[in-house]
Amino acid sequence: MPLQRFCLLGNPVTSAIEIEVESNTDLDGLKHLVAAHFAIVEPNGIAFQFDDADLAEVQDIISAQGPVTITIDGHAVRDPPGPKGLPIVGNFFEIYPDHLGNHQRLFEQFGPVIQTNNLGRVTYTTNDPNIAAIAFAESDFFTKEINEAHPLYPLKTPSAGIFLGDTDTPEWRVAHKFLPPALGPKAVRHYAPTMQKTVEDACLVFDELDKQGEAWNVYQYMLKLGSQAVGKLTLGLDFQHFTSPDAPVHDMVHLIAEMLSLNKKVTSKGNWYSSLPFGDPKRLKDIKSRIESMVEESIENAARGGVEDLPLQDAALKATNMVDYAIRATDNKGEKLPKESLVWALVVATAAGFTTTSSLLSWLIYGLVTYPGMQERLLQELIDNGFDNETQITADFTERLVFQEKYIKEMQRRHNPSFQPGRTAKTDLILPGGYKIPKDAVIIPAIHHLHNNPDHWDNPYRFNPDRWDTPEVKNRHKGSYVPFGAGSRMCIGFNFALQEVKVFLPKLIYNYKFTREGDGPIEYDPMFQLIRPNNLYVRAQKRAKWPPKSEAAV
């Protein structure tokens, strides 16, 4: 069997390795063989050279008298580039406080994969859809292992399994069996009445604010709205957020919001910082413990009344909330979700549920008062579909709201709340473009920059819901639009979050005309886990009349 030596362009010749090549191997087979030896993720990008000449025939490659050089997509193999940084602090002050703007600048300067160092913590970030799709795939190359370089490391809780634990652990497999039924499309649909009642209660407060002629901070009230619904539907708790316009935010909501802010503050700095026994790291640990105690109390209260054990799917469709589901659901062996897994599954479901929803709702209202014609088109679609305040907002109804669906998608593209899902390299590997990533390194598919990448989106900074009807968008790369991540570790609660938004938005648009108060720049908090508009104020003026049905709908 012929032997040939191969080395990577960019590496010394002394690093060449000898590979046996069967005489009947074709070029594609040789690429896969070489890729396996060098941990090259995409074999199709491999090309061969000898004495600066390209080799495209297997026989020429085998007979070359010396090491054959390998290129990846025409590039030498190299470390991802990035700014040099300063002693001790690294690139921290080149990224913060405006990490969205600064990462965009770095992508434009260095290319689709960049390496940064924040006070000793090295992170790899990409805006390339192909590399993002590779990272999201649970494969021989990447997984969700929450090590010290991962943006969720201070929150890591192995017992949380499906949310904050590593893949391929017993805890994750157990949680992955029990939790998806409770958050699947069928289960989420029967939560719609509770969601609708929540937004109707909120409208009473918005009516009062309108009578008072008051503008209000959008995120603060969307936080109340999102958490009010999620509190009922995950923990069975009424947070009492809409008993009056100035009702306080529930302690658990405050604690969860602070936990997410502290986590961002801790993970934006070096690994050493998270181990400090004082300051933000200590406060984060204390808050985690307090939240855990509050959820345990909710579980105990739910269990006191006695429950009937049910198979997973039956429990998902009959439960009044996730606590109710989790304490009665049994698998085919009669086993239940262990309590240690249940507590943090509910913590994260609650936190992710209302922070994602409240941030997305805030951006959706931002769109109403910023992008001309949106409010009018959304209202007209409701009228054309016979919507009024007596309408029960079911999944069947929201599926008819075609423009609303495109509006939500475009908002998630242009202003997605999430931005840093991390995946961990299982081995030293080589990505498309020739980028070397070491074992245990964390790469972050930067969602905002994927969604606004001009190489994959036409005029990406233009807000245009109608782009979703175009062939270009329908045939887009699967990694170019990932609002909830992708792969087996994508956000398990995405059905829940979208259902909330699709129930809340029609009630708000039908009942109010939104206008912006002030015209200053919208700011986001760089030290929060999600992207949200912090200083958006609006007036919500109660509608007294509505347009007639359009001719096409009559």
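Scroll up to find the structure.
Conventions and cut-offs
- Residues numbered from 1 in each chain as written.
- Predicted model: local features only at pLDDT ≥ 70, side-chain atom pairs only at ≥ 80, totals over all residues.
- Heavy atoms only, no water.
- Helix = DSSP H or I, 4+ residues; strand = E, 2+ residues; numbered from the N terminus.
- Expected span 1.5 Å × (residues − 1).
- Buried < 20%, exposed > 50% of the residue type's maximum accessible area, 1.4 Å probe, protein only.
- Phe/Tyr/Trp six-rings, centres within 6.5 Å; stacked < 30°, edge-to-face > 60°.
- 1 Å grid on protein atoms, 1.4 Å probe; cavity = no way out; pocket = protein on both sides within 12 Å on 5 of 7 lines; lining within 4 Å.
- Points joined across faces, edges and corners; volume = space filled by probe spheres on them.
- Nonpolar A, V, L, I, M, F, W, Y, C, P; charged D, E, K, R; others polar.

A. Examining helix α15 (residues 339–370) more closely. For α15, spanning 32 residues, the distance from its first C-alpha to its last is 46 Å, which sits close to the expected 46 Å at 1.5 Å a residue. With respect to burial, α15 is a largely interior element, 28 of its 32 residues being buried.

B. Spotlight on the packing of aromatic side chains. With the rule as written, the count across this model stands at 22 aromatic pairs. Ring geometry for Phe206 and Phe242: centres 6.4 Å apart, planes at 70 degrees, overall edge-to-face. With Phe206 in helix α8 (residues 192–211) and Phe242 in the loop between α9 (218–235) and α10 (251–267), this pair connects stretches of sequence that are 36 residues apart. Each member of the pair, Phe206 together with Phe242, is buried. Ring geometry for Phe206 against Tyr512: centres 6.1 Å apart, planes inclined by 90 degrees, an arrangement best described as edge-to-face. Taken together, the residues span a long stretch of sequence, with Phe206 in helix α8 and Tyr512 in strand β16 (residues 512–516) at a distance of 306 residues. When its relative accessible area of 0% is taken as the criterion, Tyr512 is described as buried. Through pairs of rings, three or more aromatic residues link up here, namely Phe206, Trp216, Tyr221, Phe242, Tyr512 and Phe514.

C. Focus on empty space enclosed by the protein. What the rule picks out here adds up to three cavities of 30 Å³ or more. Of the voids in this model, the largest cavity is the one considered here, and its volume is about 270 Å³. In terms of lining residues, the largest cavity is bounded by 21 residues, among which Tyr96, His103, Lys264, Gln420 and Ile444 are the most central. Elements that contribute at least two residues to the lining of the largest cavity include exactly α4 (99–110), β6 (113–118), β7 (121–126) and α10. The residue inventory of the lining of the largest cavity, partitioned by class, reads eight nonpolar, eleven polar and two charged. The calculated volume of the second largest cavity comes to roughly 110 Å³. At four residues, the largest contribution of residues to the lining of the second largest cavity is made by α15. When its residues are assigned to classes, the lining of the second largest cavity shows ten nonpolar, four polar and no charged.

That's the geometry; what it means functionally is another story.
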